[in-house]
Each structure stands twice: as structure tokens, then as C-alpha cells.
Amino acid sequence: MVDEEGKIVVSNPVAEQIFGYELNEMIGLSMEQLLPEQFRSGHVSLRKGFNNNPSPRRMGTGRDLTALRKDGKEFPVEVSLSFTRYNQKLLVMAFISDVSLSKKAQEALKRSEEQLLMYAAELEKKVEMRTEALNNMVGELEKEVLERKKAMLETRKALEKERELNELKSKFVSLASHEFRTPLSTIMSSASLINQYKEKSEWDKVDRHVHRIKSSVGHLTNILNDFLSLGKLEEGKVEVKIEEIDLHSFFQEIEEDLRPTLKSGQQILLDYQSKPKSIRTDSRILRNVLFNLISNASKYSEEGKNIYIKCDFGENEINFSIRDEGIGIPEQDLKHIFERFFRATNAGNIQGTGLGLNIVKRYAELLQGQVTFSSEYTKGSTFTISLPI
Ligand code: ADP
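All figures in this text were calculated on a predicted structure; none of them were measured in a lab.

On to the layout of surface pockets, then. A volume near 930 Å³ is recorded for the second largest pocket. If you trace the second largest pocket, you find 37 residues lining it, with Met31, Val79, Leu81, Ala94 and Ile96 closest to the centre. Elements supplying a minimum of two residues to the lining of the second largest pocket: α1 (13-19), α2 (37-52), β1 (57-58), β2 (65-68), β3 (74-86) and β4 (89-98). Counting residues per element, the lining of the second largest pocket draws most heavily on α2, which supplies six residues. Taken together, the residues of the lining of the second largest pocket break down into 26 nonpolar, six polar and five charged.

For the rest of this paragraph, the subject is the pattern of salt bridges. Within the structure shown, the criterion is met by 19 salt bridges. Its salt-bridge partner being Glu234, residue Arg362 comes within 2.9 Å of it at the nearest N-O pair. Of the two residues, Arg362 is situated in helix α8 (residues 356-366) and Glu234 in helix α5 (residues 203-234); the sequence distance between them amounts to 128 residues. Across the pair Lys237 and Glu235 runs a salt bridge whose closest N-O atoms are separated by 2.8 Å. When salt bridges with common partners are traced through the structure, they connect Glu160, Arg163 and Glu167 into a single cluster.

With that settled, consider the domain arrangement of the protein chain. Each assigned domain of the protein chain is listed here: domain 1 (1-98), domain 2 (101-173) and domain 3 (243-388). For domain 1 versus domain 2, the distance between C-alpha centres works out to 67 Å.

Rules used in this analysis
- Position numbers for residues count from 1 along each chain, tracking the sequence in the order it is written.
- Only residues with pLDDT of at least 70 get local features here, since the model is predicted, and only at 80 or more are side-chain atom pairs given and counted; chain-wide, interface and lining totals rely on the full set of residues.
- In computing side-chain values, all of the structure's heavy atoms are included and hydrogens and water are not.
- Cavities and pockets are defined on a 1 Å grid built over the protein atoms alone: a cavity is a set of grid points where a 1.4 Å probe fits but cannot escape, while a pocket is an open set with protein on both sides within 12 Å along at least five of seven lines, and lining residues are those with an atom within 4 Å of any such point.
- Grid points are joined across faces, edges and corners, and a volume is the space filled by probe spheres set on the points.
- The helix and strand labels rest on DSSP assignments: H or I over at least four residues marks a helix, E over at least two residues marks a strand, and numbering proceeds from the N terminus.
- Residues are grouped as follows: Ala, Val, Leu, Ile, Met, Phe, Trp, Tyr, Cys and Pro are nonpolar; Asp, Glu, Lys and Arg are charged; every other residue, Gly included, is polar.
- Should a side-chain nitrogen of Lys or Arg be within 4 Å of a carboxyl oxygen of Asp or Glu, the pair is scored as a salt bridge.
- Start and end positions for the domains come from either an automated domain assignment or a database one.

Structure (C-alpha cells):
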């Protein structure tokens, strides 16, 4: 406790111990003697300021305070100030704590914090570098895995394709050995009958058997063509060659080629808008498709039943529909009609392989088009192919 002039009037034993004085040795000293030389003059005016406006407060907030021991050593302190009056004289009390230890601890803490931060930064860098290396490695590995997967998938696909082709081939062999037998024996018997009728000069019978031979050969050719087309489709070997085709002559040719294969009394009746006169498509594929559909219409109709072909233009497409008044397709068979080797239950002994419509569908898809159909059992069927124009 100091008086207005800054002379120490009371000090407790702890204060004497902190500052290194003997018992009561501090009494009468100037307060400034407890400060390092360089702070003394400044402190005098600070003290006067406090005396003019005394209030309990902390001293030197935000600043490090340093005190001086009797032996000349300096040490950090924290000081709180208060005051009282005695006989109208101001007495100022300073509560002083030696904070050397906590200061040291703080500094050590700060140092170790700094070190920690440094380690952390280094660690972070290392982790970053390793992560990058790892990421690169993972990237490489992922790439490799992907490539291997791709290779595996391709191999599997190729194997699958190979298997399908083999299956198709063996199916064809069994189908051919079965389907070829009838036309071949017809050809054989007609040929020997022709010999007999020729000797007897029965020329109309000779003609009939020549016709039978021709249609059997035609049938064999159809089977072979179907299989050839399917093989090419399976192997992805069908190339689409777009060209301008004149519809009128295109239909005329088809009609002429098909006429000899029709049953007696059957006719192909064509109904088509003359505009536009030509379209751009692959003529060979379209011809194949129409040939197949018209042959079916004839094959699955009785003698004397006509085949109606309609060709009309939509906004963005051309539609060819082939209608017959034949045996139709039973309800339960409708959904299988485009499946390979499928034949409807009412096909009976009408010759066929069950490949034609499957080929038609795939050809239509090659031309970005589609095939649809409607059929009524015993009444007739209509198959429509739509191609974009
Ligand atoms: P195929 O005629 O050689 O048997 P398709 O694939 O051309 O083979 O036809 C599959 C089946 O669909 C035929 O077996 C037949 O049962 C039925 N089908 C196709 N077209 C017609 C049609 N116009 N009228 C009635 N049935 C048909």
C-alpha cells in the first residue's frame, strides 16, 4: 500500500518475499524502486493519473508488466489496483502476482504449439504427397482393371456370339436335313415321272412336273437364302447402301419376279400414291423385306386369294403394307411371330423355316425402320414396314 507520494506504507510478507526484501524493509521505499529503471519516470505520471481518478482496476491491461527485485533481477507481474482513504489521505493498494511460472509455461506452451503446428504442416504435406501418389496409383490400377474388364467382356461377347452362331448352324443342319428331304424327293419323283410321261407324250403332265421341280428348287433356294441372310446379319456383315430408287419400277420388278411363285389365281394388287416418285434407301434390303412378306402372304393364303400392297407416305416415313386374306395367325402365336425358327401352330405342312420374319425385322432395323402387323385367325394378316424418309 502506498501513499499519495508513492511511498510504501504497508507490505505483507509475501510481497517482501517476491521482491526479495527483509521483514518491513520495504516500508518507506518509493514505489518506483520496485520497477526497472526504464519504466520509472513513466510510472510516476501514471500513478498521478490514478490518484486524480482512483478506481479499482487492473493495471496495464494488454501489456506485459515487469517488476524489479532487490537483487536486480526482473520478473513478470500482474497487478490489480484499489484504493482507500484514511484521514482524508489517499492510500493506493496494489495486489501483485509473480507470473514468472505461468509466463514460462505459456511460452513453453506457445513454443510447443508452434512446433506442433510445424509438425502438423509437415505431416499434412507428407499425407498430401502420399495421397497424390496413392491416387495416381489407384488411377493407374483403375485404368488397368477397366481395360481388363473390357477385354474380358469383349472376349465373353465374342464367345457368346460364337456359341450362338454354332447353335444356329447346328439348328440349321437339322432343319435343312429335314426341310430338304421333301423338295428333294419331289424333284426326284417328278424327274422320273417326266421320263415316263415323255415316252407317252403326255405333255401337260410333263409341264406339271416341271413346275413342281421348279417350285421345289425355289423352296430350297429360299431356305438357303434365309440362312445366308441370317448368317450375314449375325456376323454384322450386312452393309447398308443408300441410293435413290424409283418406286414404280421397283414395284414392277418385284411383282414380275414374284408372279411365277404365286399360287394359281393369286394376284399382287398395288395401290400407291405416285408422290413422291422415289425414295432414298437400300434397295437390296428393302426388296428382300418385301419379297419375304409377299411370299408369306401368298404361301399362307389359298389359291385365288389376292395380295394387296399399299404404299403411303406419313409425315416423316413411308409405309409399305402387305395384306392377305389367308389363314391368319392364332392369338397365342402372335407374340412369338418374330422369333427365330418360330412357326405358328396353323402353319401345318406349308413349307417354311421360321426365319423369314426374324430377318425382315432385323433388316427393317438396319434401315432405321420397324415392322408391325395385325392378324385375324382364318381371316388374314397385314404386315407393315415403316421407313424414315
Ligand atoms: P416361314 O414362313 O419360313 O415359316 P417366317 O419367319 O416368315 O417363317 O414366319 C414365321 C411364321 O409366322 C410362319 O411360320 C407362319 O406361321 C406365320 N406367318 C408369317 N406370315 C404369315 C401370314 N402372312 N399369314 C399367316 N401366318 C403367317
